[in-house]
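Per-entry structural report
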Amino acid sequence: MKKTAGWSGVKRNVMLVALIVLFSAVSVYGQAILSGDRSVPVEAKNGMVVTSHTLATEVALDVLKKGGNAVDAAVTAGFALAVTQPRSGNIGGGGFMLVSSEKKKEVVAIDYREKAPAGATRDMFLDADGNADQNLSRFSHISAGVPGTVAGLALALKKYGTISLEEALAPAIKLAEKGFVVTPRFSKGVKSKQKRLFKFEAGKKKFLKADGKFYEPGDIYIQADLAETLKLIAKEGIKGFYEGRTAELIVAEMQKGKGLITLEDLKNYQPKIRKPVFGTYRGYDIYSMSPPSSGGAHIIQILNILEKFPIKNLGHNSAKTIHLMAEAMKRAYADRSKFLGDSDFVKVPLSGIISKKYAASQRAGIDPDFASISRNIAPGNPTDFESNETTHFSIVDKFGNAVANTYTINFSYGSGIVVEGAGFLLNNEMDDFSAKPGVPNGYGLIGGEANKVEPQKRMLSSMSPTIVMKGGKNFLIAGSPGGSRIITTTLQVIMNVIDHNLNVQAAVNAPRIHHQWLPDEIRIEEGISVDTIRLLKGMGHTVNEKSSMGAIQSIMVAEDGIMYGGADPRRSTSAAMGF
Ligand code: GLY
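Heads up: these notes are all about the structure in this document. Only a predicted model underlies this, so the values are computations on that prediction, with no experimental measurement involved. Within each chain, residue numbers correspond to sequence positions counted from 1 in written order. For a predicted model such as this one, the threshold for reporting local features is a pLDDT of at least 70, and the threshold for listing and counting side-chain atom pairs is 80 or more; totals across whole chains, interfaces and linings nevertheless cover every residue. Heavy atoms from the whole structure form the basis of all side-chain values; hydrogens and water molecules are not counted.

**Re the overall build of the protein**
Numbering of helices and strands runs from the N terminus, with a helix taken as a DSSP run of H or I at least four residues long and a strand as a DSSP run of E at least two residues long. The helix and strand tally for the protein stands at 21 helices and 19 strands. Here the radius of gyration uses the C-alpha set of atoms, whereas the globule reference equals 2.2 Å times the residue count to the power 0.38. A compact globule built from 579 residues should have a C-alpha radius of gyration of about 25 Å, and the protein, at 22 Å, falls within 12% of that. Seen along its three principal axes, the alpha-carbon backbone of the protein occupies a region of about 65 × 60 × 45 Å. Accessible surface computed for the protein: about 20,600 Å², of which carbon and sulfur atoms make up 54%. This count recognises Lys and Arg as positive and Asp and Glu as negative, with His and chain-terminal groups excluded. To locate a charge, take NZ of a lysine, CZ of an arginine, CG of an aspartate or CD of a glutamate. Distance from the positive charge centre (70 side chains) to the negative charge centre (56 side chains) of the protein: 3 Å. Each accessible area is a Shrake-Rupley estimate made with a 1.4 Å probe; only the visible protein chains count as cover when residues are assessed.

**A few points about the pattern of salt bridges**
When a carboxyl oxygen of Asp or Glu is within 4 Å of a side-chain nitrogen of Lys or Arg, the pair counts as a salt bridge. What the rule picks out here adds up to 32 salt bridges. Measuring nitrogen to oxygen at the nearest pair gives 2.9 Å for the salt bridge that ties Asp568 to Arg570. Overall, the relative accessible area of 0% leaves Asp568 in the buried class. Each of the salt bridges in this network shares a partner with another, and the network as a whole consists of Asp111, Lys272, Arg274, Asp344 and Arg458. Each residue is assigned to one of three classes by its accessible area relative to the maximum for its type, calculated with a 1.4 Å probe on protein chains only: buried under 20%, partly exposed between the two thresholds, exposed over 50%.

**Focus on the sheet that holds strand β19 (residues 575-578)**
Sheets are built from strands paired through backbone hydrogen bonds, the pairs being either parallel or antiparallel. Whether two strands pair depends on DSSP finding at least two bridges between them. Read across the open sheet, the seven strands follow the order β7-β4-β3-β11-β10-β2-β19; overall the sheet is antiparallel. Of all the strands in the sheet, the pair left with one neighbour each is β7 (272-274) and β19. Going from strand to strand, the sheet's axes swing by 15° on average, the running direction of each strand aside. The pairing of strand β3 (residues 94-101) with strand β11 (residues 401-408) spans eight bridges and is classified as antiparallel. What sits directly across from Met97, in β11, is Asn405. Axis definition: a line fitted to C-alpha atoms, limited for helices to the stretch in contact. Angles are taken between N-to-C directions and run from 0 to 180 degrees.

**Digging into helix α12 (residues 244-256)**
Taking 1.5 Å of rise per residue, 13 residues should cover 18 Å, and α12 covers 19 Å from first to last C-alpha, within 8% of that figure. Inspection of α12 places Thr246, Ala247, Leu249, Ile250, Val251, Glu253 and Met254 among the buried residues, and these make up the whole buried set. By definition in these notes, contact holds between two residues if any of their heavy atoms fall within 4.5 Å. For α12, the elements touching its buried residues are α10 (224-236), α11 (239-242) and α13 (263-268). Downstream of α12 by one or two residues, Lys258 has phi in the positive range, about 60°. Multiplying 1.5 Å by the helix residue count minus one yields the expected span of that helix.

**Considering the environment of Lys158**
By secondary structure assignment, the location of Lys158 is in helix α5 (residues 149-160). When the C-alpha positions of Lys158 and Val71 are compared, they lie 9.7 Å apart, and in sequence the two are 87 residues distant.

Written as C-alpha cells, this is what we have:
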C-alpha cells in the first residue's frame, strides 16, 4: 500500500467522516460508536485525534473544532479516558507526553511518571526467604507509586495549552456524572479481572451495579464518586487532588493495606519537563521519551543498528528483515537490563546508547544468516561511546502542534485497588522497579541496580511516545501500550512507514514481531506466513505465536498538510476522527 490513499479512498473517507459527524451531532455521549474503516486511514485537513476510545476521541476533537490546540485536546482526552476506559485511562497512574511545536521549533517531553513513596526501600518486595513476592509488587497497597497524571496533565495545559483546567475536565465530569453506554470491551474487561477488582468493597461499588450484577453492553455506566473527585480538581486545580479530601482518601486507603503513600508524598509530587531523546533514521528526525523511560533510547538504538541494512529491499516482514530486527532488539534489551533507570538517580549512558558508532559496533556482531544466542549477548559497553495495559493517543492540530501521550496504571486495572470514596483505581507501577536483580517483572523484563527501588525514584518504563519529523514538520505521531512490547511496537510502525512506504493505517494493522533478549524467542502475532516462520527457525530462532501486541494510535501528516489517522483494530473501541 502507498503512504497516501488513492481517490477512491479519499471519497470513501470523506463519506465516513460525514457519517461520523452526523452520528455525533444526533447522539448523546456513548451512542456514536463509529470509528472509521479500519483498512484505510481517516483523512482530515484541520485536526486529527486518535485514541483508544471513541468517546475520548469525540470530546478531544470537539476541543480542536472550537479552536483549541493539540495540548488542550490531549488533556481533555486524558481526563475523558480516565472515565471511559478505567482499565488504563487514569488519574491514579502516570505517563509521558511529547509536545511538538513547528512554530517554536521545539519538542518537549513532560514526565509525569509515578514516584516511589518516601518510605519505599530496596528490598520491600522480598519475602522472608529473600525471594521477590509478586503479589506484593503487583496487587497490594504497596504496589502503588505516587500518581502523576493529574499534575502532568495540568502542567501540560498551563505551559502549552490555551483552555482552563475546568474546561478540559468538563467532558470527563459529564461522562462520569451522566454516564455512557457500556461497550462489549468494557463489560468483558471487568468480568475477566473480577478476582483483582472485587477483593475490596470499593472495587465492587465501582464496577458492579447496585444489585451486584455486572454492567452489560448497552447499560449506562455512571461513576458518581469519580465525578466528585474530578470536580474537586476542576475547582481547586492540582491541590484538589494532591491535598485535601482526595489526598486524605488516598492515605486512608493506604492505611487499609499497609500502603506507603503519605500526605507528604502527594504534596511533594512534581512532574518534570525533560529533553526528549533525539536520533535520526534515513533522513527523518526521531524524538522520543527520555529516561525514566527506556523507550526512546532503545527505539533510536535499534533504528541506528538497522539503518545500514537494506531493509526496504529485504521486504516487509520477510524472514531476513525479521531476523535483523530481532538481532537488533536483543542487543537493545540486553542493554536495558543493565543501564536503564531514573536518570535523576543513576547515570544512564544515554548518549552512548543512542550513538551511531555504538550501533556500528553492535551491528558488526550480527550474523546476517544465523541467530545469536541471547545468553551469549551480555549487555554491551555504551559508556565507551558517550559524547507494560497502558494507553496511547496522538493528536495533531492546524497550528503545527502535535502531541504523543502514553499513560498507564501498569497492568489492566493497575493494582485493582479503588480508592474508597474517590472512585479511581491505583496503579501497581512499583512492579516496574527491579524487585531483585535478575528476577523478571510482570513483562518478563529483567533489571538490575540502575532500576532498584529507592525513595522518590521513578520506576523504569518502556512507554515510548514518539514524534518523527521531516524538514522541521511533524510527520508521524506514534506510541503504544504493551509493557515490554511498547518499544518494538512503536519501532515497527515507524519502520513500516519509513522503510516500507505503508500508509499509516496499514502500518498500524500489519502483524508485529517482538524480541526482548530474554526469553530468547521471537514472539509473533498471527499473520506472519508459515514460510517465513520456517526460514526463521532455519536460522536458529525460536518463534512463538502469541496474543496480539500493543495498540498504536497513530497519525501521519503528508507534505501537503493532510493528516492521516490510523486507529489500531486490536482495540475494538479505538477511533480516529478528524475534521
Ligand atoms: N508499566 C509499563 C511501563 O511503563 O513500561
